[in-house]
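Structure at a glance
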Amino acid sequence: MILDEIRGRIPHNLRMPVAASVVSISYFLSGKLALSLSFQPDYISALWPPNSIVLSALLLTPPRRWFWYVLAMVPAELAADLPSGISLQMALAFVGADCIEVFTAAFLLKTVCDGPLQLNNIKNVVLYALCAVITAPFISAFFGALVPALGETETEYIIRWRLWFMSDALTHLVLTPFIFLWLTLDTDKKNARTLSRTVEMIVLVSAIVIICFFAFRRGTKFIGYLPSLVYAPLPFLLWASARAGLRGIFTSSFFFTVIVIWRASRGYGPFATESPVNDVLHLQVFLFLVMSPLILLAAAVTEREKGESAVRESEKRFRLLADVAFDGIAITNRGVIVEANDAFARIFEYPPSEIIGLHVSKLVAPELRHSVMEKIKSGYEKPYESLCLKKDGSEFPAEVYGRNFSSDEGDLRITAIRDISHRRNAEIIHKRLNAELNAKNKELEQVLYVTSHDLRSPLVNIEGFSSEVEFSLKELLSVLDNNDIPQATKEKIIPVVTQHMPESLNYIHKSILKMDMLLKSLLNLSRMGRIELTIEDIDMNEMIATIISDSQFKLNASKVHIDISDLPQCRGDKVHISQLFSNLLDNAIKYLDPEKPGVIRISGNTERDNSIYCIEDNGIGISPEHKEKIFEIFCQLEPDRVAGEGLGLTIVQRIVDMHKGTVRVESEPGKGSKFFVSLPS
Ligand code: ADP
């Protein structure tokens, strides 16, 4: 806005004083100008521009700062009136009535309009006319006519009221919107007037000025009829309304009105007669009758232009949206493409110029043509997959989504197409890798099974032979009792047979036990993958009750308080799921804090298609860096403190994987752990 640019150059605290000074000076000068254009000998003004200036300023200022303009009006009015011989009392009455008028108009407009006034549609123009052109001057005229008419007759008061009302109403009809619209001109607007529009406006205004000079020249006096020349400017004013909207008509009518009033006040033109009071009235009525329909016409034009520009703008945005889309988008009329974005031509590898006019059947693989055409005909509105044809005849899979809509051209269809070859390829690769992974897993399980199984027989041998060695040692010891063996030899052999060898045998025995345990665990784990699951609905309340009663001895020994909520059912293999929850419950008991009373809670809920169970304890907890690690095979965080194999959670993980579920842990060292298990419900 022009005004914002000016405001931006003035320091903040000086803005209102500067604005008030500018208004005050303009008020004074325009008052002087109006007086110079008044009708002699009574100084009757057909227009009173100072009020236009103040009302425009008020409409552009927040109400809390309006008082600045009262300060601007009073001195300016006195300075204009007093030197012209108007009494102080009269001048104060005038400025008072003017204040009433402009503040009433501004207040009414602020009240009836949502936000700042915008003269760009019929509704706002009509509201403006009702508030500023009719109501405000109607009220202020009672006060404005009062003091001058003191001591005069009632008829003279009415004449003064009418003069005041007509001149101020005309002022707000023609002049105020002219000032307001130019002050609010949007200088940033990208679609600002083009050069040709500006030239057109200059030609138009010049034509109006010239014609007015000609029509209202000396000698064309009113002699009982209006010379037809007064209508000469009308076509040009009409042109301004139709072509340039409200700003155009107010600019043209500003020149038109000023010239007509000026010529009439000088006694030229058809409105100049012997009676200034009648002259002014005729002139005002003429201007009212001419300007009102033109302003309404211009409002309608502006409103339509605004609507059209909004449509153009939204069209531009949609075009852009379609152009930047990765999907191909096309509009078809009975199967023939009438519009398409760049991506559409790109996907089908056609030059963009060849796409328009193409029938969609040429873009579909022959075997699917019939079904696709059926979908188009029936207005199918769900996404579907199809096989499409590129220009070179190669096929590609695509996802298609279409919608029918009616337009002036008939029923059209808009279709979006996405090439899904990459997705398809990725799916194929994914499937292949999955199959490979499963095969490898099976192979690994087989190796694990065979090795853990086969390694047990040499272990049994080692165990057998170490018992054999133990037995032989005992025999050797009895042989050493023989007195034939020299004492020196005995002393050498006895420590070997009684200490070193039994010690070594003891280590061998412990290792055998450890190895046996490991092999058994591995064997168990490998067996799990080989067992077929029997999936059925599981009543978890029942299953957990059984597990608890099996663990009752341990629970009593550890003095654990156990709290179980109502649990949702799940689907799974009963044996495995029971093992899963037994392992978690065992751990919850095993890893309780001996320093505080143990509490274990088991709860569950359902989320979409899954049942989620939580086994919570207030035990020693797990530090964050171990949260993933504990599910690894043979992982034991404190092997010396608590007995275990480091296999329980590995089995838990394996079972949830087999059931396509999940398991995760939330824990805080010293506070406890929560194991969440999600299984299909
Ligand atoms: P383990 O036989 O050692 O219990 P698991 O696989 O069951 O083997 O658990 C692995 C490790 O995870 C355990 O050694 C223990 O340190 C930790 N752990 C498992 N459950 C809990 C729990 N409820 N609270 C604290 N630590 C736990």
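Preceding block: the structure.
This write-up is about the structure you can find in this document. Fair warning: this is a prediction, and the values are worked out from it, not measured in the lab. (Residues numbered from 1 in each chain as written. Predicted model: local features only at pLDDT ≥ 70, side-chain atom pairs only at ≥ 80, totals over all residues. Heavy atoms only, no water.)

1. Structural notes on the environment of Pro63
- Relative to the helices and strands, Pro63 is located in the loop between helix H3 (49–59) and helix H4 (67–81).
- Once the C-alpha coordinates of Pro63 and Ala106 are considered, the two residues, 43 residues apart in sequence, prove to be 8.9 Å apart. (Helix = DSSP H or I, 4+ residues; strand = E, 2+ residues; numbered from the N terminus.)

2. Here's the deal with the nonpolar core
- Leu246 and Phe256 are the most contacted members of the largest nonpolar core, which has 78 residues in total.
- Sequence-distant contacts of Phe256, defined by excluding residues within four places in its chain, comprise Ile208, Cys212, Pro233, Leu237, Phe286, Leu287, Val290 and Met291.
- Ranked by size, the runner-up nonpolar core spans 39 residues in total, among them Met528, Met540, Ile630 and Val677. (Core = buried A, V, L, I, M, F, W, Y, C linked by side-chain atoms within 4.5 Å. Buried < 20%, exposed > 50% of the residue type's maximum accessible area, 1.4 Å probe, protein only. Contact = heavy atoms within 4.5 Å.)

3. Considerations on the packing of aromatic side chains
- Scanning the model with the defined rule gives 17 aromatic pairs in all.
- On the basis of an interplanar angle of 70 degrees and a centroid distance of 6.4 Å, the ring pair of Phe631 and Phe675 is categorised as edge-to-face. Of this pair, Phe631 sits in the loop between strand S10 (610–617) and helix H20 (648–658) while Phe675 sits in strand S12 (residues 672–680), and the two are 44 residues apart along the sequence. Residues Phe631 and Phe675 agree in their burial class; the two are buried.
- What links up through ring pairs into an aromatic cluster is the set Phe138, Phe142, Trp161 and Phe165.
- The residue whose ring lies beneath Arg263 is Trp262, and the NZ or CZ to ring-centre distance is 4.9 Å.
- Note that Lys375 overlies the ring of Tyr384, its terminal NZ or CZ placed 4.6 Å from the centroid. (Phe/Tyr/Trp six-rings, centres within 6.5 Å; stacked < 30°, edge-to-face > 60°. Lys NZ or Arg CZ within 6 Å of the ring centre and 35° of its normal.)

4. Notes on the pattern of salt bridges
- Within the structure shown, the criterion is met by 23 salt bridges.
- Across the salt bridge formed by Asp516 and Lys520, the nearest N and O atoms sit 3.4 Å from each other. Pair noted here: Asp516 and Lys520 are both in helix H16 (residues 487–530), with a separation of four residues, about one helical turn.
- On the accessibility criterion, Lys520 (42% relative accessible area) is partly exposed.
- The network of salt bridges with shared partners includes Glu385, Glu399, Arg423, Arg424 and Glu427. (Salt bridge = Lys/Arg side-chain N within 4 Å of Asp/Glu carboxyl O.)

5. A closer look at the site of the ligand
- Taken together, 20 residues form the shell around the ligand, and within it Asn587, Lys590, Tyr591, Gly646 and Leu649 come nearest.
- Note that an oxygen atom of the ligand is positioned 2.9 Å from one of the side-chain N or O atoms of Lys590.
- Contact with the protein chains covers 97% of the free accessible surface of the ligand, which is 530 Å².
- Counting residues per element, the shell around the ligand draws most heavily on helix H19 (residues 574–590), which supplies three residues.
- Considered class by class, the residues forming the shell around the ligand number ten nonpolar, seven polar and three charged. (Near = heavy atom within 4 Å. Polar contact = N/O pair within 3.5 Å; in protein donor to acceptor, adjacent residues only side chain to side chain. Areas by Shrake-Rupley, 256 points an atom, 1.4 Å probe, with all protein chains shown as cover. Nonpolar A, V, L, I, M, F, W, Y, C, P; charged D, E, K, R; others polar.)

6. A short note on the sheet that holds strand S5 (residues 410–419)
- The five strands are arranged S2-S1-S5-S4-S3 in an open sheet whose pairing can be described as antiparallel. For this open sheet the edge positions go to strand S2 (336–340) and strand S3 (384–389), each flanked by a neighbour on one side alone. Neighbour-to-neighbour, the strand axes of the sheet open up by a mean angle of 40 degrees, direction not taken into account.
- Note that S3 and strand S4 (residues 395–407) share six bridges and pair antiparallel. Bridge assignment links Tyr384 to a residue of S4, and that residue is Val400.
- Sheet strands touched by helix H13 (residues 366–378): S3, S4 and S5. Its angle to S3, the strand with the most contacts, is close to 130 degrees.
- Packing against the sheet, helix H14 (residues 421–454) makes contact with S3, S4 and S5, and its axis sits at approximately 140 degrees to S4. (Pairing = 2+ DSSP bridges. Axes fitted to C-alpha atoms, helices over the stretch in contact; angles between N-to-C directions.)

7. A short note on unusual backbone geometry
- In the Ramachandran plot, Glu349 falls in the positive-phi region, its phi being about 55 degrees despite a non-glycine side chain.
- Along the polypeptide, Glu349 turns up in the loop between helix H11 (342–348) and helix H12 (352–355).
- Residue Glu349 is classed as partly exposed on the basis of its relative accessible area, which comes to 44%.
- Within the chain, Lys660 stands out as a residue other than glycine whose phi angle is a positive 55 degrees.
- Note that Lys660 resides in the loop between H20 and strand S11 (662–668).

8. With respect to the side chain of Ser673
- Tracing the backbone through its elements, the reader meets Ser673 in strand S12.
- Here Ser667 takes part through its side chain, which lies 3.0 Å from a polar atom of the side chain of Ser673.
- Discounting chain neighbours no more than four positions away, the residues touching Ser673 are Ile615, Glu616, Asp617, Gly621, Ile622, Val665, Glu666 and Ser667.

9. Let's talk about the environment of Gln552
- Tracing the backbone shows Gln552 in helix H18 (residues 552–558).
- Under the relative-accessibility criterion, Gln552 is labelled partly exposed at 34%.
- With 461 residues separating them along the chain, Gln552 and Ala91 place their C-alpha atoms 106 Å apart.

10. Focus: H16
- End to end, H16 covers 63 Å across 44 residues, agreeing with the expected 64 Å (1.5 Å per residue, within 8%).
- Val497 marks the point of greatest bend in H16, at about 35 degrees.
- Within the sequence span of H16, burial applies to Lys490, Val497, Leu505, Ile512, Asp516, Leu519, Ser521, Leu522, Leu523, Leu525, Ser526 and Met528.
- Against H14, helix H15 (456–479), H19 and H20 lie the buried residues of H16. (Expected span 1.5 Å × (residues − 1). Bend = angle between axes of the 7 residues up to and from the residue.)

11. Let's talk about the sheet that holds S12
- Spatially, the five strands line up as an open sheet ordered S7-S9-S10-S12-S11, and their pairing is mixed. The open sheet has two edge strands, strand S7 (561–564) and S11, and neither has a second partner. Neighbour to neighbour, the strand axes of the sheet diverge by 15 degrees on average, direction disregarded.
- Direction of pairing for S7 relative to strand S9 (residues 599–607): parallel, over a ladder of four bridges. Each residue of the ladder has a partner; that of Asp563, found in S9, is Arg601.
- Packing of H19 onto the sheet brings it into contact with S7, S9, S10 and S12, and relative to S12 it is tilted by some 175 degrees.

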